[in-house]
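As a plain string of letters, each chain reads:
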Amino acid sequence: MWQRSGKFVLQYRLPLLALLFAATGLMGYFASRVKLSYEFSKAIPTDNPRYQDYLAFREKFGDDGNMLVIGAETPRFFEKDVFAAYTRMQREIKAVANVEDILGIPTAINLAKDPLTDKLVPVRIFGDTIGSQGQLDTARELLFNLSFYKYRLYNPETNAYLMGVRINKDSLNSPVRTKIIAGITKAAEAFGEQIHTTVHLSGLPLIRTVVADRIQREMLFFLIGSLVLSVLILLLFFRSVGTTLLSLLVVLFGVVWSLGILYLCGYKITLLTALTPPLVVVIGIPNCIYFVNKYHSAYLQNGNKRQALIDMVSKMGVVTLFCNITAAIGFAVFALTRSAILKEFGVVAGISIMAIFVISFILLPAVLSYLPAPGKQQTRYLNNRLLNRLLERLDYWVINHKKAIYISTTVLVLAATAGIFRLKTVGYIVDDLPQTDKIYTDLKFFEKHFKGVMPLEIVLDTKKPRGILRQAVDISKIAFFQDSFLAVQKNIARPVSVIDGIKFSYQGISQGLGDSAYMLPGLGNPFAELHKSLREVQVKKTSGMLTAKDSTLMKLMGSFIDSTEQYLRISMSMADVGTGELVPIMDSISRNANRILNNVDSVVVKDTAAAAIKVTVTGTSSTFLEGSRFIINGLKESIFWAFLLIALCMLYLFRSVRILLCSLIPNLVPLVITAGVMGWAGVPLKPSTVLVFSVALGIAIDITIRFLVNYKQELPLQGNDVGQTISVSIKQTGLSIVYTSLVLIAGFVIFCFSGFGGTRSLGWLTSLTLVVATATNLLLLPVLLNALIAPPKDKRLK
């Protein structure tokens, strides 16, 4: 079959090349229409209960992840010049397109009673212009006596000050978000330079935008870098510009096809699908090495270029096909998960890898048939003395040091197993950034002074319309829960809800100052007054009539109850504590909320009818936790499916359970060792590191297939002498295995130059796995074959 395929490609090389170039041109057109995804990728399925809670929250209260914060620490904040510069910064930021609101000290308000209407009206604490330092000092004293702003806009103990910038949520899902963040950053940095202090920026809009932009730039760098490294290694091996350019053409075609496939599948470029082009380069180059290596060795044997090309296709066609199938399986199993971001990556990567096989199978023999026969310079690498001595040494160890190989493998596996027990599953929102990165240090600034900026929300359902402001007893319980539990948590910033609006209004009515006046009123007119104000805000909000004249504070208060007054929102920020600590924190919140509000000491109240208030903990931090756990679990499942499907492929290919056992052990050992190294090195299991195992398995099994197929083909030629066949296979395939491994390792090592910890881990962990896989397939696999395999009767691969 494969000989006929080789003759077919050579006979119809011109029309096949024309068809391939035309198809690649069409795919290039599709690739040019691929767009970047600016939406935050869904890591969890839409029917996930936690995600459903978050969607319900957004429907009632809007987005919680569109607040950017700006902070500065200075004892000179209320000096006239410094405060004037801060005020100018706020105005400049407000002028940036798609900035909707700003909550900052210059526009902070006090609530005062209008003597004519007897209504509460907002009054600016700081005027548009500050005439004197004395005027500023008086306003400052008023601000410090309004407890609402303490630990929200300033920290009196550390002289740290915060400004919240709310950005239009639709613009954050579009290319314009980069321009918005740049405009805000420019104004903030100008203020810092003017007063000679460091200004800190954080919040999900900034973190997501800056990180996504960096990763997109890195992916281009990695694509170019992997191509350059591949070209250098190919030139070093083959010493032929023509062969190198041909191999480069193969992978470039593969890159174009991968982007075209992305478009045809209806997907956009995300942080994961952006990895596909570099991976196609890394996987496509070994195809070229194995094909060309076989072509050169066959030509040296028979001196006939056409026959050498037919031998190349007939011998390496089935090998490369199954190698690409197993590599594709390593990625395609992601499509079996229910995570949209993993599914897209799995579909595109799996199809792209099979496409690179088709491209290699047609392009290489067809173009090589037009090129001159290889000369001595091009085939000199086949007689590389250093590598040949290494292969001879490996053959010697396999024959004479079987026990040493078994013992060494066992010791390494035992040490790795001990390391596996040290593995931890944890993820942080910014854990891939180095601790010296400004995004990381700025986040830690806000965690130090304001306990964090990551959104966490609590929704309280009173189960009846207008159930919030009618029930004073419920309000007092909610206030107790908020002030006595939430406000004292170590990693949770001071929460804010309609409770604070009631307290602030009562402080305005009573004209009291300080913490003692910031309290809930009794029943009566003060309570009803705020109720009336909030209803007015809700009506304006529903009808879209909120204007710049409406104070930011009243807009904010209006966003904490829904239009039916059935649901109340308690909003808070928290530190980036990681998935390990976030689960206990959320459980503790739910348990204490139910204990205080429903008199039930439980995380979940099963008898919902008996509960006065239904408690739901949600928000971006919650969905991040669920998404991270979902991806990790999905990747773990994908490793199982990859093993199972690859095992079925190996069983079909070799029709022998013993060969199947021999093939899986040398590829399981590298994964165990890598997991052990992660445990000993303190590298946690997270989406970027779990990805290593499926990827490395799909690639490393290629080495096994190439060795075993060569073994099956050589066994009859060596008189069914297993030992002799193994020695010949080591010498025949060892050279191309070593060369291919070097290319693969170089292709992944380039990821070690990333600015992100996860990408660096993907690089060095995959490279480590491939190094170990190369060693186990050239040492452990032959030893296992010698011990377990009798001469097979199956002639199918002859």
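Reading guide: rules and limits
- Residues numbered from 1 in each chain as written.
- Predicted model: local features only at pLDDT ≥ 70, side-chain atom pairs only at ≥ 80, totals over all residues.
- Heavy atoms only, no water.
- Salt bridge = Lys/Arg side-chain N within 4 Å of Asp/Glu carboxyl O.
- Helix = DSSP H or I, 4+ residues; strand = E, 2+ residues; numbered from the N terminus.
- Buried < 20%, exposed > 50% of the residue type's maximum accessible area, 1.4 Å probe, protein only.
- Axes fitted to C-alpha atoms, helices over the stretch in contact; angles between N-to-C directions.
- Parallel < 35°, antiparallel > 145°, perpendicular 65-115°, else oblique.
- Left-handed = near helix turned anticlockwise from the far one by under 90°.
- Contact = heavy atoms within 4.5 Å.
- Nonpolar A, V, L, I, M, F, W, Y, C, P; charged D, E, K, R; others polar.

S.K.: Could you give an account of the pattern of salt bridges, naming the residues involved and the relevant values?
M.R.: By the definition in use, this model includes 14 salt bridges. Its salt-bridge partner being aspartate 500, residue arginine 152 comes within 3.0 Å of it at the nearest N-O pair. Here aspartate 500 lies in helix 18 (residues 498-510) and arginine 152 lies in the loop between helix 5 (133-144) and strand 5 (154-155), a separation of 348 residues in the sequence. Taken individually, arginine 152 and aspartate 500 each receive the classification buried, so the pair is uniform in this respect. Across the pair arginine 569 and glutamate 457 runs a salt bridge whose closest N-O atoms are separated by 2.9 Å. A residue pair is termed long-range when its members are at least 10 positions apart, and arginine 569 in strand 9 (residues 567-574) and glutamate 457 in strand 8 (residues 454-461) qualify at 112 residues. When its relative accessible area of 8% is taken as the criterion, arginine 569 is described as buried. Residue classification places glutamate 457 among the buried positions, given a relative accessible area of 1%. If you follow the salt bridges from partner to partner, you end up with Glu100, Asp101 and Arg166 in one network.

S.K.: Tell me about the packing of helix 13 (residues 385-400) against helix 25 (residues 722-749), and name the residues and values.
M.R.: Between helix 13 and helix 25, whose axes approach to 10 Å, the crossing angle comes to 135 degrees. Relative to helix 25, the element helix 13 lies oblique. Like other packed secondary-structure pairs, helix 13 and helix 25 cross with a definite hand, here right-handed. Together, Leu387, Leu391, Asp395, Val398 and Ile399 of helix 13 and Ile726, Ser727, Ile730, Lys731, Gly734, Leu735, Val738 and Tyr739 of helix 25 make up the contact between the two elements.

S.K.: With reference to specific residues and values, describe the packing of helix 2 (residues 13-32) against helix 8 (residues 241-264).
M.R.: Interhelical geometry of helix 2 versus helix 8 gives an angle of 50 degrees and a closest axis separation of 7 Å. Accordingly, the angle class assigned to the pair helix 2 and helix 8 is oblique. Considering only the axes of helix 2 and helix 8, their crossing is left-handed. The segment helix 2 lies against helix 8, with Leu20, Phe21, Ala23, Thr24, Met27, Gly28, Phe30 and Ala31 engaging Leu249, Phe253, Val256, Trp257, Leu259, Gly260, Ile261, Tyr263 and Leu264. Considered class by class, the residues forming the contact of helix 2 with helix 8 number 14 nonpolar, 3 polar and no charged.

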